[in-house]
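The primary structure of each chain is shown beneath.
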Amino acid sequence: MKFYKILLLGCLLLFSISFSSPHPIKLTSSLIEINPKTNILHMECRVFIDDFTFSMNDTFTNNFTASNLSKENKKGIEDYFERYYKIYINDKLYPLTYKSSEVFEKQNVLSIKFSKEIPVIKKGDQICIENTLFFEDFGFLQSNMITVRVPPFITENYFEITALDKPIPINL
């Protein structure tokens, strides 16, 4: 009998959550790559469009529309990432510059690409990544996945950041 009560409560919880959010997954995925020949840091981040629109509107821009970005929207994206997605190299912040974006309408996903010129990366340098995208909005439900490539030092490393995690230091 106790098992059925727990099962019923679990079903009710899932049922109630399904109406409060268009999708239950709160996740971002990003790729950070450093090109050692050009000293350009490239970053691509994929976010759910509805979550990003909710988080952007009124604070960083008005009437955000992912499929038709205005100059104000692009500046708002840069400002948003400057606040919530920070990349430091040897304790110096390198704010990302918006390059382009692509909408995947059927998947409700926006892919945003950034780049930034950086100094030559050497052995002994430290890269620190602080990704707090959507933590203010979704708290412990949010998870941010990051893939990092820094040839020749890092072929590929994967990180998952939750609301409780601290910035990720990467020593080369």
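Our structure's up above, just so we're on the same page.
Keep in mind that what you see is a predicted model, and the values were worked out from it rather than measured.

Here the focus is the pairing of strand β6 (residues 109-117). Every other side chain in a regular strand lies on the same face of the sheet, so the side chains alternate between the two faces. Both strand β2 (residues 40-48) and β6 contribute to a ladder of nine bridges, which runs antiparallel. Residue pairing in the sheet places Glu 44 in a bridge with Lys 113 of β6.

Let's shift gears to the sheet that holds β2. An order of β5-β6-β2-β1-β8-β9 is seen for the six strands of this open sheet, with the pairing classed as mixed. At either end of the open sheet lies a strand with only one pairing partner, and these are β5 (97-104) and β9 (154-162). Averaged over all adjacent pairs, the angle separating strand axes in this sheet is 15°, with direction ignored.

Look at helix α3 (residues 71-84): 20 Å from first C-alpha to last across 14 residues, which is about the 20 Å you get at 1.5 Å a residue. Residues of α3 that are buried include every one of Asn 73, Gly 76, Ile 77, Tyr 80, Phe 81 and Tyr 84, and no others. All buried residues of α3 lie within an arc of 130° about the axis, which places them on one face of the element.

A separate point is the packing of helix α2 (residues 49-56) against α3. Where α2 meets α3, the closest approach of the two axes is 11 Å, and the angle between their N-to-C directions is 90°. Accordingly, the angle class assigned to the pair α2 and α3 is roughly perpendicular. Where α2 approaches α3, its residues Phe 52, Ser 55 and Met 56 are matched on the opposing element by Asn 73, Gly 76, Ile 77, Tyr 80 and Phe 81. Of the residues contributing to the contact of α2 with α3, the split by class is five nonpolar, three polar and no charged.

The next thing to look at is α2. Most of α2 sits out of view: six of its eight residues are buried. Of the surrounding elements, those touching the buried residues of α2 are β1 (26-35), β2, α3, β5, β6 and α4 (135-138).

On to the sheet that holds strand β4 (residues 92-93), then. The strands making up a sheet associate through backbone hydrogen bonding, with each pair oriented either parallel or antiparallel. With antiparallel pairing, four strands are arranged side by side in an open sheet as β4-β3-β7-β10. Edge positions in the sheet fall to β4 and β10 (168-171), since each of these pairs with one other strand and no more. Inspection of the sheet shows strand β7 (residues 126-131) paired to β10 by four bridges, in the antiparallel sense. Note on β10: the bridge partner recorded for Ile 129 is Ile 168.

Cut-offs and rules
- Counting of residues starts from 1 at the beginning of each chain's written sequence and follows it residue by residue.
- Per-residue local features are limited, in this predicted model, to residues with pLDDT of at least 70; the limit for side-chain atom pairs, both in listing and counting, is 80 or more; totals at the level of whole chains, interfaces and linings are taken over all residues.
- Side-chain numbers come from the whole structure's heavy atoms, not from hydrogens or water.
- If DSSP finds at least two bridges between two strands, the strands pair.
- Numbering of helices and strands starts at the N terminus; helices are DSSP runs of H or I of at least 4 residues and strands are runs of E of at least 2.
- Here an axis means a line fitted to C-alpha atoms, over the contact stretch when the element is a helix, while the angle between two N-to-C directions is reported on a 0 to 180 degree scale.
- Every helix has an expected span of 1.5 Å times one less than the residues it contains.
- The cut-offs for exposure are 20% and 50% of the maximum accessible area for each residue type, with area from a 1.4 Å probe on protein chains only; residues under the lower value are buried, those over the upper are exposed, and the others partly exposed.
- Throughout, the arc means the angular range of directions from the helix axis out to the C-beta atoms.
- An angle counts as roughly parallel when it lies under 35 degrees, as roughly antiparallel when it exceeds 145, as roughly perpendicular when it falls between 65 and 115, and as oblique in every other case.
- By definition, residues are in contact when any of their heavy atoms lie within 4.5 Å.
- Each residue gets one of three labels, nonpolar for Ala, Val, Leu, Ile, Met, Phe, Trp, Tyr, Cys and Pro, charged for Asp, Glu, Lys and Arg, and polar for the others, Gly among them.

No statement about biological role is implied by the geometric values presented.
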